[in-house]
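Per-entry structural report
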Amino acid sequence: MAKIYYDQDADLNLVKDKCIAILGYGNQGRSQALNMRDSGVTNIVIGNRRDESYEQAKTDGFHVCSIEEAVSQADIIFVLLPDEACPEIYNMQMKPYFKKGVILNFASGYNLTFHNIELPADSDVVMAAPRMLGQGVREMYLSGEGYPAFVAVAQDASGMALEYGKAICKAIGATKKGAIEGKIDDETFLDLMTELGVMPLIYKVFAEAFKLEVEMGHSEEAVLTEAYLSKEMAFLWEQAAERGLFRQLCLHSHTAQYAQLKRFEEIDSSMIRSFLKDSYDSIKSGSFNEEWQNEQKIYHLEHLEHLRQRALDTEVTKAEDSLRERLGH
């Protein structure tokens with residue numbers, strides 16, 4: 001059973017007096033920086049290219065500079081950069097400027113799992129990974145509720161890496177809800193399984209149901225509203241998180257409960273299981289990482305743009321656009 005750490009299990013003093021560099025002031029970077037400052041960790045510098053995020057960090061009252069300058073000052077570095085951009089930035093703008101013994105904190109395990117970067121031997125390397133979108137990280141901190149996170153150690157040079165990871169989780173507000181200890185690969189594999197396995201199945205089910213129901217004579221507007229545009233489905237998943245995947249069924253009518261549970265029992269899971277296992281194997285073998293690296297370096301995201309356009313050209317998207325326009329969205 002995994003250990004879960006709460007506020008009383010983490011020592012904020014471990015990070016309070018250290019210079020912390022936030023690299024990347026996007027959704028996660030901004031929220032984590034603001035949360036840390038509100039937690040009493042004030043020696044924060046933001047490393048970001050000169051764009052809207054750079055200006056936002058200045059407006060928020062932080063010292064903002066280049067990534068190189070931020071890294072050269074830092075005792076702890078929060079690597080909150082996009083996975084695909086991280087290796088090049090790491091090698092060119094970070095690695096040459098590390099202090100000896102700098103602590104590295106990643107919010108994603110991707111580049112650690114697939115060894116896309118070379119870690120400094122004298123550094124503690126940890127992962128404090130919120131299981132929440134950036135906006136939620138801030139909002140749930142301010143509400144006092146907190147949010148869960150994964151905490152893991154990739155490299156323990158000092159013998160204190162886990163303690164630093166827990167302290168970072170506390171500073172950003174995660175131990176209020178609970179920081180779950182695991183391995184770096186847990187975050188990478190589970191995150192990618194959602195992206196490679198679970199979500200594609202959900203998208204395909206909605207897309208095929210839409211086509212079938214329209215073919216059966218139901219209006220596109222009614223189909224989309226029933227499926228998800230009413231936000232009933234969003235409420236369902238929120239209740240699943242609060243109550244449990246099946247315990248939320250108590251909110252449904254008896255007809256709905258019977259229909260869902262009966263068909264759940266009858267679905268042949270072998271094809272779903274096979275698809276999910278193939279997805280998992282592509283992660284574990286590294287073939288997806290190789291495929292994604294090639295997409296970036298050889299094809300320069302050409303296939304990604306093609307896939308995006310194909311999704312935007314589907315009947316579902318066109319029907320959404322029409323309905324939103326008619327509803328004045």
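All values derive from a computational prediction rather than experimental measurement.

What follows concerns the nonpolar core. Core analysis: the biggest nonpolar cluster contains 39 residues, and V15, I20, I22, M36, I46 and F78 have the highest contact counts within it. A per-element tally of this core places helix 8 (residues 161-171) first, with seven residues. When near neighbours in sequence (up to four residues on either side) are disregarded, I46 contacts I22, Y25, A33, A57, F62, H63, V64, C65 and A70. Listed in part, the 28 residues of the second largest apolar core include Y90, M94, V102 and L104.

This part takes up the sheet that holds strand 8 (residues 148-155). One open sheet holds the nine strands; their spatial order is 1-9-8-7-6-5-2-3-4, and the pairing between them is mixed. Two strands bound the open sheet, and with one partner strand each, they are strand 1 (4-5) and strand 4 (63-65). The sheet contacts of helix 9 (residues 184-215) involve strand 7 (125-130) and strand 8, and relative to strand 8 the element is tilted by about 125°.

Before going further, it helps to spend a moment on empty space enclosed by the protein. A full pass over the atoms with the stated rule returns one cavity of 30 Å³ or more. In this model, the largest cavity occupies a volume close to 60 Å³.

Between helix 10 (residues 220-229) and helix 16 (residues 315-326), the least distance of the axes is 10 Å, while the angle of their chain directions is 95°. Considering the angle they form, helix 10 stands roughly perpendicular to helix 16. Between helix 10, through E220, E221, L224, T225, Y228 and L229, and helix 16, the contact on the second element is made entirely by V316, A319, E320, L323, R324 and R326. In terms of residue class, the contact of helix 10 with helix 16 is built from six nonpolar, one polar and five charged.

Angle between the axes and distance between the axes are the two parameters that describe a pair of packed helices. Where helix 9 contacts helix 10, the two axes come as close as 10 Å, and the packing angle between them is 145°. Our pair here, helix 9 against helix 10, has a crossing hand that is right-handed. Along the contact surface, helix 9 presents F206, F210, E213 and V214, while helix 10 presents E220, V223, L224, A227 and Y228. Among the residues making up the contact of helix 9 with helix 10, the classes are represented as seven nonpolar, no polar and two charged.

What counts as what
- Residues numbered from 1 in each chain as written.
- Predicted model: local features only at pLDDT ≥ 70, side-chain atom pairs only at ≥ 80, totals over all residues.
- Heavy atoms only, no water.
- Core = buried A, V, L, I, M, F, W, Y, C linked by side-chain atoms within 4.5 Å.
- Buried < 20%, exposed > 50% of the residue type's maximum accessible area, 1.4 Å probe, protein only.
- Helix = DSSP H or I, 4+ residues; strand = E, 2+ residues; numbered from the N terminus.
- Contact = heavy atoms within 4.5 Å.
- Pairing = 2+ DSSP bridges.
- Axes fitted to C-alpha atoms, helices over the stretch in contact; angles between N-to-C directions.
- 1 Å grid on protein atoms, 1.4 Å probe; cavity = no way out; pocket = protein on both sides within 12 Å on 5 of 7 lines; lining within 4 Å.
- Points joined across faces, edges and corners; volume = space filled by probe spheres on them.
- Parallel < 35°, antiparallel > 145°, perpendicular 65-115°, else oblique.
- Nonpolar A, V, L, I, M, F, W, Y, C, P; charged D, E, K, R; others polar.
- Left-handed = near helix turned anticlockwise from the far one by under 90°.

Everything listed here is a matter of coordinates, which is why it stays silent on function.
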